[in-house]
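Now for the letters of each chain:
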Amino acid sequence: MASSAGRVAVYPGSFDPLTNGHVDIIERGVAIFDRIIVAILVNPDKSPLFTVDERLAMTRAVFRDQPGVEVDSFQGLLVHYAARREADVIVRGLRAISDFEFEMQMALMNRHLSSSLETVFMMPAEAYTYVSSRLVKEIFALGASVTGLVPELVEARLASKATGGAPGV
Ligand code: PNS
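Here's a quick rundown of the structure. (Residues numbered from 1 in each chain as written. Predicted model: local features only at pLDDT ≥ 70, side-chain atom pairs only at ≥ 80, totals over all residues. Heavy atoms only, no water.)

Comments concerning the side chain of threonine 59
Heads up, the condition is: Helix and strand assignments come from DSSP, with helices taken as H or I runs of at least 4 residues and strands as E runs of at least 2, each series counted from the N terminus. Throughout, exposure labels follow a simple rule: accessible area from a 1.4 Å probe, protein chains only, divided by the maximum for the residue type, with under 20% read as buried, over 50% as exposed, and the rest as partly exposed. A contact between two residues is defined here by any heavy atoms of the two lying within 4.5 Å.
Locating threonine 59 in the fold gives a position in helix α2 (residues 52–62). Taking the relative accessible area as the measure of exposure, threonine 59 reaches 1% and is therefore buried. Residue contacts for threonine 59: discarding those within four places in its chain leaves Leu18, Val38, Ile40 and Val71.

As structure tokens, this is what we get:
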């Protein structure tokens, strides 16, 4: 349903933390859709590194100058959230063939649940095809630099978390 707000896309995910691959997809999405809602899943079954509030604050700070980007959190079924937000598109990034099987399953399940909701896959720049939140956390915890893989603000927050410092966002 294209509302008076134009074509709205939801970009759902864990974003624990936001990587430059996510940023790349969001920027590509803003160029296509009138508005893109970055929707951070509140998942009680996972133990994230960053709380949902921290992830919301970091992501909002990164996109504070981009009016086409909204950052929100959601619980429950994505299709219900998309309907509430009058979005007709789900955006997901596809980095490699290995992403494809799970992404196809999710896209088709979401279509089964809501036939009017379309999933659009976008490819990040080649430089980010190997970047994932999981690997960023892993290499950072083991002492490697994540410069260039995540926004500077996220890098600073990773560092302050590691040293038990104040949030700063
Ligand atoms: O960044 P992630 O962890 O790969 O994102 C997965 C996400 C949030 C898109 C997916 O887990 C999701 O949509 N969860 C909400 C619950 C839901 O709708 N599940 C059915 C998906 S087919």
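And the narrative resumes.
Some words on the packing of aromatic side chains
Centre-to-centre distance and the angle between the planes together describe a pair of aromatic rings. Selection rule: Each pair of aromatic rings taken from Phe, Tyr and Trp, with Trp reduced to its six-membered ring, is defined by centres within 6.5 Å and is described as stacked if the planes are under 30 degrees apart, edge-to-face if over 60, and tilted in the remaining cases.
In this structure the tally under the stated criterion is two aromatic pairs. Ring geometry for tyrosine 11 against phenylalanine 15: centres 5.2 Å apart, planes inclined by 75°, an arrangement best described as edge-to-face. A relative accessible area of 3% places phenylalanine 15 in the buried class.

A closer look at the pairing of strand β3 (residues 69–74)
A regular strand places its side chains on the two faces of the sheet in alternate fashion. The condition is simple: Strands are labelled as partners when DSSP assigns at least two bridges between them. When the strands point away from the viewer, a crossover counts as right-handed if the path from the first strand over the helix to the second runs clockwise.
For strand β2 (residues 35–41) and β3, the ladder comprises six bridges, and the chain directions are parallel. Within the sheet, the bridge partner assigned to alanine 39 lies in β3 and is aspartate 72. Once you follow β2 into α2 and on to β3, the crossover reads as right-handed.

Some thoughts on a nonpolar patch on the surface
In plain terms, the rule: Here, patches come from residues exposed beyond 30% relative accessible area and free of salt bridges, joined within 9 Å for like charges and within 5 Å for nonpolar side chains (Val, Leu, Ile, Met, Phe, Trp, Tyr). Each accessible area is a Shrake-Rupley result for a 1.4 Å probe, and residues are judged covered by the shown protein chains and nothing else. For this document, the term salt bridge refers to a Lys or Arg side-chain nitrogen within 4 Å of an Asp or Glu carboxyl oxygen.
Taken together, the side chains of Leu77, Met109 and Leu113 make up a nonpolar region of the molecular surface, amounting to roughly 280 Å² of accessible area. Tracing the sequence through the fold places leucine 113 in helix α4 (residues 97–113).

A few points about the environment of serine 98
Considering the arrangement of structural elements, one finds serine 98 in helix α4. Relative accessible area serves as the criterion here: at 64%, serine 98 is assigned to the exposed category.

With respect to the nonpolar core
The cut-off we apply is this: In this text, buried Ala, Val, Leu, Ile, Met, Phe, Trp, Tyr and Cys residues form a nonpolar core when linked through side-chain atoms within 4.5 Å.
Residues Tyr11, Leu18, Ile26, Ile36, Val69, Val91 and Val136 are the most contacted members of the largest nonpolar core, which totals 28 residues. If you list the elements that add at least two residues to this core, you get β1 (8–13), α1 (20–32), β2, α2, β3, β4 (89–93) and α6 (152–162). Excluding residues that lie within four positions of it along the chain, valine 91 makes contacts with Ala9, Val10, Tyr11, Pro12, Ile25, Phe33, Ile36, Val120 and Met122.

Here's the deal with the site of the ligand
To keep it simple, the criterion reads: Being near a molecule or strand, for a residue, comes down to having at least one heavy atom within 4 Å of it. Here a polar contact means two N or O atoms within 3.5 Å. Within protein one must be a hydrogen donor candidate and the other an acceptor candidate, and residues neighboring in sequence count only if both atoms are side-chain atoms. Residues are grouped as follows: nonpolar covers Ala, Val, Leu, Ile, Met, Phe, Trp, Tyr, Cys and Pro; charged covers Asp, Glu, Lys and Arg; every other residue, Gly included, is treated as polar.
As a matter of local geometry, the ligand sits amid 13 residues, with Gly13, Ser14, Gly76, Leu78 and Arg92 nearest to it. Separating an oxygen atom of the ligand from a backbone N or O atom of leucine 78 is a distance of 2.8 Å. If the ligand stood free it would expose 540 Å²; the protein chains cover 73% of that surface. Those elements that place two or more of their residues in the shell around the ligand are β1 and α4. Residue composition of the shell around the ligand, grouped by class: seven nonpolar, four polar and two charged.

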